[in-house]
Amino acid sequence: VWKEDGKVLGEIISQLSTDTVTFGDAAAESTREIGRQVAGIAVQGSRSEKFMERIAALPAMVAVIQSKALADKDGNDACAFLDVNGVLEDLFGERAHERIIQEAASLLRAVQLTPARLDIILAASFNVHDDTLASAATGVIVSLVETAHAHSVLHVLARCETAIAEDLISAPAAFDLSMQLMA
């Protein structure tokens, strides 16, 4: 059910953002409220114990961000709900799963890659306890860096350099990631 609901929620929010342009301020406020509701439902789905619900929540979150329904009046911070609700920490943290990390790449392409968000993904990439998760997170970082702003790339490289110099445990993973980025 959630797999289809995630797509439907995404389609609803996309249509609402189109209606905002057509119908003005009243539609804009309605869109923001529905965006808040959809984001809440998507966050709840991402925290589910059921694997497919977690995956299905991702497209709804992407749609909310892309619609800018939750952006302020200047169009900024459409994805703050991710930070407030610890969504990335959950997706890349203790409950991480290889497929969820891979699917989260579409969500990450829709957000501004702040240093804090990059650090969450890097922590998963430097995970020495699970090579599969570390490899999946490294693949996501490499794919994101291809289209990221220079400051994001420099941040990732600086974190790799620090890990190589100071953290003997995650140094091999950091070295591997830096080599992939340089290729």
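Residues numbered from 1 in each chain as written. Predicted model: local features only at pLDDT ≥ 70, side-chain atom pairs only at ≥ 80, totals over all residues. Heavy atoms only, no water.

A. Just the pattern of salt bridges, in detail. Counted under the stated rule, the structure contains 7 salt bridges. Residues Asp119 and Arg159 are paired through a salt bridge, measuring 3.0 Å at the closest nitrogen-oxygen approach. Taken together, the residues Asp119 in helix H7 (residues 115–125) and Arg159 in helix H9 (residues 150–166) connect sequence positions 40 residues apart. For Asp119, a relative accessible area of 25% translates into the label partly exposed. (Salt bridge = Lys/Arg side-chain N within 4 Å of Asp/Glu carboxyl O. Helix = DSSP H or I, 4+ residues; strand = E, 2+ residues; numbered from the N terminus. Buried < 20%, exposed > 50% of the residue type's maximum accessible area, 1.4 Å probe, protein only.)

B. Expanded view of the nonpolar core. Ranked by size, the top nonpolar core spans 49 residues in total, and within it Met61, Leu82, Leu91, Phe92, Leu107 and Leu177 carry the most contacts. Not counting the four nearest positions on each side in its chain, Leu107 is found in contact with Leu58, Met61, Val62, Ile65, Leu82, Leu88 and Leu91. (Core = buried A, V, L, I, M, F, W, Y, C linked by side-chain atoms within 4.5 Å. Contact = heavy atoms within 4.5 Å.)

C. Region of the structure containing the layout of surface pockets. Taken as a whole, the second largest pocket spans an internal volume of roughly 160 Å³. What lines the second largest pocket is simply Leu108, Arg109, Val111, Gln112, Leu113, Leu144, Thr147, Ala148, His149, His151 and Ser152. For the lining of the second largest pocket, a count of residues per class yields 5 nonpolar, 5 polar and 1 charged. (1 Å grid on protein atoms, 1.4 Å probe; cavity = no way out; pocket = protein on both sides within 12 Å on 5 of 7 lines; lining within 4 Å. Points joined across faces, edges and corners; volume = space filled by probe spheres on them. Nonpolar A, V, L, I, M, F, W, Y, C, P; charged D, E, K, R; others polar.)

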